[in-house]
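An overview of the molecular structure
Below, each chain spelled out in residue letters.
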Amino acid sequence: MRVAIIGFGAVGQGVAAVLADPVHGFTLTGVADSRSAIMNGDGLNPEEILAKKKETGLCGIEGKSAADILASGVFDILVEASPTNANGGEPATSLIRSTLRSGRHVVTSNKGPIASAYHELKAIADEQKVGLGYEATVAGAVPVINGIRHGLAGNTIRSLYGILNGTCNYILTRMRDEGLTYQQALQEARDLGYAEADPTYDVKGIDAAIKLVILANTLLGMNVTLSDVDISGIDLVTVEALNLAEDEGSTVRLIGEIIPERKIIRVSPRVLALDHPLVVDGTLNAIQVCTDMAGHVTFIGRGAGAQPTASAILADLISIRDYYGGRS
Amino acid sequence: MTCRRVRTHRCDNVRVSMKLELKDTPGQLLGALKPISDIGGNIITVIHQRDGTSAENTLIVDITIELPEHKLESLIATLQERGCGVVRVGKERLHQKRSLIMIGHLMHTDLTDTVDHIDQTGYAEVSELHMVMPAINEPSTAKITIRAESPEDMRRAISILHEVTARKEILVLEPLEGME
């Protein structure tokens, strides 16, 4: 099947690198970044485009854009990998909507459209009988969406707890392990590229809250928005808090929590026993669900980075091909 | 780890410790425990000791049980009918315990008032407070231990703490336990 990639940052480039391997059986036919685009229905050479991007900062022809790829229609699946805009998810939401309406599949790593418009986009996809994959929006490589939807199909999820932001988990891990203050650990995370220059989105718990909204709306049958999430970040957590927790064999982690029956959806720093399965180190992500039949199931793995995210996108691409591939 | 909903205790359930005096003959202990389960009580611990102070052929047993409060008197009567001496009965009312961490300007926002909000409920109280103040004008951090009568009361007490601390810009870290 033919794949077009919109958004050519770390994630988009990671996907292109994966598609370069013919073993996966996909043909790259379009690529767009914020300033340029390139398309060819017969197939593009991913390695050439990656090299060009590295050299010039552009993936294609200046003046061309994602809209041109959409208009050309030379693809079967759109990979939408542009950065998240938490406020309504535009322009990606419109782009995904029109792609689905044109009868083409969409796979996205962009949290904005899924958090703000999942029910609407899913309805269009169902109506057009096309796939909408978004495994990469939550916890990177960790197959939590497909794991819960398919692996735990038929179960009722009683609760979900998760470490959904690697930056916060890194900072809290370093505060505990090295006795660093919050500011010192944050600076270290910046130096290592784990935190943005403006870390608000991560440390205030907003990123984790958006992921909770996605999990709540797409897997737990809820219909909530970001403003429904009760959010506290980690920016006020003190070293003394970690020490007091440590005295009783516990530590502090930023936890996303959903209890559908009690309408609880919140992100907050919590005290957990050190041997709790959710106490993972560094930038790892972890999600634990408790279901009526399976009991507790815990997913742990890499929550960010080009290759782990490309892994999740590739899994969605393959699922779509396996399910819809015989049709076209 | 098991996956079950946290059992909601009936409001009138109490935890009671008792010291029983039994004849030191076979079957006596079982005879004393049976009436407890017969009335729907839950046996938490049984400790029996032989010390020098008890009379000859007498066994002293300390038990802790949970049962509906209104059944306590009839249980004591039944035990006594069976020749089992009830030496002491003590109710442990606040058997739910939870520690939380508070971060903020705890003293300047009237710590006494914060604690009073829990103590005044009648169903929960602050039993322990451990505070660390690293420097003047810096936020202080405290571990606060709350005891309450039932899980539902604990939930209410923690929600009161959240309301009070939100007004005072204090961050409260709840434990992740009793996962439902």
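Residues numbered from 1 in each chain as written. Chains lettered and ligands numbered in written order. Predicted model: local features only at pLDDT ≥ 70, side-chain atom pairs only at ≥ 80, totals over all residues. Heavy atoms only, no water.

1. Digging into the pattern of salt bridges
Applying the stated rule across the entire model yields 21 salt bridges over all chains. A salt bridge links E248 of chain A to K143 of chain B, with the shortest nitrogen-to-oxygen separation between them at 2.9 Å. Placement of the pair is E248 of chain A in the loop between α11 (239-247) and β10 (250-259) and K143 of chain B in strand β7 (residues 140-148), with the two residues belonging to separate chains. We classify K143 of chain B as buried; its relative accessible area is 14%. Where R270 of chain A meets E257 of chain A, a salt bridge forms, and the shortest distance between an N and an O atom there is 2.8 Å. (Salt bridge = Lys/Arg side-chain N within 4 Å of Asp/Glu carboxyl O. Helix = DSSP H or I, 4+ residues; strand = E, 2+ residues; numbered from the N terminus. Buried < 20%, exposed > 50% of the residue type's maximum accessible area, 1.4 Å probe, protein only.)

2. Observations concerning the confidence of the model for chain B
Residue and element names in this part refer to chain B. Per-residue confidence for chain B gives a mean pLDDT of 82, with 86% of residues at or over 70. Within chain B, strand β8 (residues 171-175) carries the highest mean pLDDT (96), whereas strand β4 (residues 85-92) carries the lowest (76). Scored below 50 in pLDDT, residues 1-11 shows 22 contacts in the model against residues more than four places distant or in partner chains. (pLDDT = per-residue confidence, 0-100. Contact = heavy atoms within 4.5 Å.)

3. Some remarks on helix α2 (residues 46-56) of chain A
Residues and elements named next belong to chain A. Residues of α2 that are buried: P46, I49, L50 and K53. Along the axis of α2, the buried positions cluster into a sector of 100°, meaning they face one direction only. Facing away from the buried side of α2 by over 90 degrees, the exposed positions are E47, E48 and E55. Among the structural elements, α1 (10-19), β2 (27-32) and β3 (36-39) are those in contact with the buried residues of α2. Where α2 begins, the capping side chain belongs to N45, and its oxygen is found 2.9 Å from the backbone nitrogen of E47. (Arc of directions from axis to C-beta. Polar contact = N/O pair within 3.5 Å; in protein donor to acceptor, adjacent residues only side chain to side chain.)

4. So, the domain arrangement of chain B
Parsing chain B into structural domains produces domain 1 (13-92) and domain 2 (96-173). Between domain 1 of chain B and domain 2 of chain B, the C-alpha centre-to-centre distance is 37 Å. (Domains from an automatic or database assignment.)

5. Points about the packing of helix α7 (residues 166-178) of chain A against helix α8 (residues 182-191) of chain A
Residue and element names in this part refer to chain A. Where α7 meets α8, the closest approach of the two axes is 9 Å, and the angle between their N-to-C directions is 125°. Taken together, α7 and α8 sit at an angle that is classed as oblique. Handedness of the α7/α8 crossing: right-handed. On α8, the residues that touch Y170, I171, R174 and M175 of α7 are Y182, A185, L186, E188 and A189. (Axes fitted to C-alpha atoms, helices over the stretch in contact; angles between N-to-C directions. Parallel < 35°, antiparallel > 145°, perpendicular 65-115°, else oblique. Left-handed = near helix turned anticlockwise from the far one by under 90°.)

6. Description of the side chain of T108 of chain A
All names here are of chain A. As for its position among the elements, T108 is in strand β6 (residues 105-108). With a relative accessible area of 0%, T108 lands in the buried category. Reaching out from T108, the side chain makes a polar contact with the backbone nitrogen of N110 at a distance of 2.9 Å. Beyond its immediate sequence surroundings of up to four residues, T108 is in contact with E80, I96, I114, G133, Y134, A136 and T137.

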